[in-house]
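Chains, contacts and geometry: an overview
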Number of protein chains: 2
Amino acid sequence: MEKPSLPKGTRDFGPQTMARRNFILQSIRTVFQKFGFQPLETPAMESLETLTGKYGEEGDQLLFKILDNGDFLKNVDAAKLEIRNSKLVTSEISGKGLRYDLTVPFARYVVMNRHEITLPFKRYQIQPVWRADRPQKGRYREFYQCDADVVGTDSLICEAEIILMIKEVMALLNISDYSIKINHRGVLNGIAEVIQATGKETDLFVAIDKLEKIGEENVRKELAEKGFSTQQQDILFDLLNTTGLAEQKLATLSAAFSSSPSGKKGIDELKDVFNLLELYKSTTDNVEFDIALARGLSYYTGCIFEVKINNVSIGSISGGGRYDNLTQAFGAKEKLSGVGFSFGIDRIFDAMEELNLFPKETTASSKVLICHFDEATLQYGLAILTSLRSAGIASEIYPDISKLKKQLDYANKKNIPYTIVLGEEELKTDMCTIKNMLTGEQQKQPTEQIVHYFS
Amino acid sequence: MEKPSLPKGTRDFGPQTMARRNFILQSIRTVFQKFGFQPLETPAMESLETLTGKYGEEGDQLLFKILDNGDFLKNVDAAKLEIRNSKLVTSEISGKGLRYDLTVPFARYVVMNRHEITLPFKRYQIQPVWRADRPQKGRYREFYQCDADVVGTDSLICEAEIILMIKEVMALLNISDYSIKINHRGVLNGIAEVIQATGKETDLFVAIDKLEKIGEENVRKELAEKGFSTQQQDILFDLLNTTGLAEQKLATLSAAFSSSPSGKKGIDELKDVFNLLELYKSTTDNVEFDIALARGLSYYTGCIFEVKINNVSIGSISGGGRYDNLTQAFGAKEKLSGVGFSFGIDRIFDAMEELNLFPKETTASSKVLICHFDEATLQYGLAILTSLRSAGIASEIYPDISKLKKQLDYANKKNIPYTIVLGEEELKTDMCTIKNMLTGEQQKQPTEQIVHYFS
């Protein structure tokens, strides 16, 4: 048999990676819970009826589909088989797919459980999703999403709390140099109105969204190709190039939007969010009003967010925004407005590695390994092990009688920071020799003091 | 559009269920880590080459297979399509499947990373698995497994520690009335030798394994049908009906196995495990030597375990054993012996619900909801919210200005135990009215004392 391998675009997470990923996930989970969000988990498989048509045509093609069990070819239409039309045959041999994101399953859950749910409903969800994308650096076919959403309220308190949560997560992760960019769909619509480009919003926003990446000149080129006049471009860049603190920018745009109700609404809501931050005794540090932030096109209807870590070669690590109607795609009559955001674990992980931000103690290792020389010292070690564990200290004993070197190697390779070495002498005197594996330093402690020493 | 639904045999886990499941999982994780086990996660999808042939023919049929992306029909052999042979076509249109258990992915990981792994390797893995079984009460198509294994050592310390870990998990879950059954493959082989049934082990062990369920008479009937003589049955039940404490049973069987080396080895190892428990300062409470425990047939080669909670209508909640060669199926030359066990989360969950064992505070709810009457009291509440959260107290504010009744209903439905009600009076006097939602009791506290009150 050939050596086994992993499917393209998937990964194993060994102990060290797991410890670091769990550090990130646990930080996020802690903050979500402190802000009153409740956990939800949905199945990996969803009906294709639930998934199809929710992510555009490209998304449909990236869904992983599950082959029906049993004799799936039995009832397939002969004509479809004959012409080998994979697309038409798919729907006859596959009824389920793997979830593509956490938003559609969340909406499906809300529709199915509408009567048991108390609004506003605050849920978080941390689970893997699957996409048949072409794998490349930083893009995988299985990856985790961490979403938090509030549905059933229009209150801007939710928007303010998203900023607060991002700040708390960043603090727990020791990330200090980052920007939370915020904009509002109304502001973007206002810009379209002001430059008289109503009806051409998509072209406009797609171009604007690239500003940071490709610069003004290239955005102008793209706009010109799409039929925007030089005058329109000039007014646009007058607005986009508004400088100053958030407060000043908001004032400038407020004036520019005097005849645009949606622009005005956007500015007013952003002002409210900034005011709320103050009432929460927080600050606008790390928060930036970014007029060019577009983030997708049709889904969001209110505030939009994006978070970037500065000075790393990694895209945004978090984003989200307010939407009008979570359950529309499922034909629900009731309009459920909400706001949500999501953390990108893989990117946070890469950024923290690049910036060397993981605490040294983020390992999945025991704190202590007990080493011994023979049956008698091994047996002596078992009682010590029990007392360490009773005190909650993760510890282990080398299970075989082996050379001390092999036991110390094991500790080193597993990043176990301390060993207790038990020889004949230690046994006789009821002492433990403790070795710090990092410094090599050794000292003796009475066995009865050992728990105290490590606590 | 029709109301959406879940695929057969799958479940959503809402907030309350999640909180309880997490309580179980966190208890297990804590114990695994305290005993030096390190986390591993593998992808949901594995190559079908990795999965197929590892679970018997029935298992192969229960694998969920992923349809290849793109134009999967393009290169399928015309003859296979023509005769509509689903089995033959499967291998041409599907190269991946969902993992069926955690053992095969673990073995695959060990083979692929053999050079980076330090032996003995202690890993735990808590992830969902998928099986296209017919769904029924307590049996799902997606469910979690929680495995811990040590590979690369024959030391019986591992077996003893499995018992210790099970005891610690049970203690954390408040489960006191349970039995850890232990037996040894050698004992079973010894029985086969003693009753001269070598070569018919499978029939024998399958029958023995049913003893608890169907009773001696029916086991005898089954054995008779399989050609076991009455004399063989009599000797067998003499052995199976050995009574007394583990020590006495071991002594009795030791004598019976005087001419069976494998039986003798089994007894000796079990004795060693019991002795080790004593050296660990633990006891044999809840541990039972069960001669009739067979647990699967060919996989295990040494000690075998099974855990049952007494007085609930639920099967075993944990099981495992020692195996000879983890990576054999992948053609690895090196023989890696190991021992592992697994907890069944769904069954533990059901048992704990039946026995009402979940701590009352196992909810995913905030501790405090801040209620208000108007813009001013809401704003006053925001600063209080910040101070509560700064102290790590999960809390929220009702985000809309609504009737107090609606806000209190929200707290009740979400099992939030305390509300802070802020009215004009409270605002003026810098006081908070605290309401215990369970007892209805109310009291006032100065706002500056509020964090202290809830800490």
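Preceding this paragraph is the structure being described.
First, a word on what this report is: a plain description of the structure on this page.

Analysis parameters
Residues numbered from 1 in each chain as written. Chains lettered and ligands numbered in written order. Predicted model: local features only at pLDDT ≥ 70, side-chain atom pairs only at ≥ 80, totals over all residues. Heavy atoms only, no water. Helix = DSSP H or I, 4+ residues; strand = E, 2+ residues; numbered from the N terminus. Rg over C-alpha atoms; globule rule 2.2 N^0.38 Å. Buried < 20%, exposed > 50% of the residue type's maximum accessible area, 1.4 Å probe, protein only. Contact = heavy atoms within 4.5 Å. Areas by Shrake-Rupley, 256 points an atom, 1.4 Å probe, with all protein chains shown as cover. Least-squares fit on C-alpha atoms with pLDDT ≥ 70 in both. Buried area = accessible area lost by both parts, 1.4 Å probe. Salt bridge = Lys/Arg side-chain N within 4 Å of Asp/Glu carboxyl O. Nonpolar A, V, L, I, M, F, W, Y, C, P; charged D, E, K, R; others polar. Axes fitted to C-alpha atoms, helices over the stretch in contact; angles between N-to-C directions. Parallel < 35°, antiparallel > 145°, perpendicular 65-115°, else oblique. Left-handed = near helix turned anticlockwise from the far one by under 90°.

**Digging into the overall build of chain A**
- The number of helices and strands found in chain A is 18 helices and 16 strands.
- A compact globule built from 455 residues would reach a C-alpha radius of gyration of about 23 Å, whereas chain A, at 28 Å, exceeds it by more than 25%.
- Within the span of chain A, comprising 455 residues, buried residues form 56% of the whole.
- Residue pairs in contact within chain A that sit at least 24 positions apart in sequence constitute 68% of those at least 6 positions apart.
- Accessible area of chain A: about 19700 Å², with a carbon and sulfur share of 47%.

**Examining the relation of the copies chain A and chain B**
- The transform that puts chain A on chain B rotates by 180 degrees and translates by 0.0 Å along the axis, for an RMSD of 0.0 Å. Both copies are brought into coincidence by an operation consistent with a two-fold rotation axis. Residues of chain A ranked by C-alpha distance from the rotation axis are headed by Ile66 of chain A, positioned 2.3 Å from it.

**Observations regarding the interface of chain A and chain B**
- Taken together, the contact between chain A and chain B spans 105 residues of the former and 105 residues of the latter.
- Taken together, both faces of the contact between chain A and chain B bury some 8800 Å²; the carbon and sulfur share is 61%.
- When the buried surface of chain A facing chain B is broken down by residue, Glu41, Arg84 and Arg389 of chain A rank first, second and third, together holding 8% of it.
- Applying the counting rule to chain A against chain B returns six salt bridges.
- For Glu161 of chain A, the salt bridge is made with Arg389 of chain B, and the minimal N-O distance between the two is 3.0 Å.
- Among the elements that take part in the side of chain A that touches chain B, helix 15 (residues 375-390) of chain A stands out by supplying seven residues, more than any other.
- Residues of the side of chain A that touches chain B, tallied by class, amount to 52 nonpolar, 27 polar and 26 charged.

**Some remarks on the packing of helix 8 (residues 185-194) of chain A against helix 9 (residues 201-209) of chain A**
Residue and element names in this part refer to chain A.
- Where helix 8 contacts helix 9, the two axes come as close as 10 Å, and the packing angle between them is 115 degrees. Our classification of the angle between helix 8 and helix 9 gives roughly perpendicular. The handedness of the crossing between helix 8 and helix 9 comes out as right-handed. On helix 9, the residues touching Arg185, Leu188, Asn189, Ile191 and Ala192 of helix 8 are Glu201, Leu204 and Phe205.
- Tallied by class, residues from the contact of helix 8 with helix 9 come to five nonpolar, one polar and two charged.

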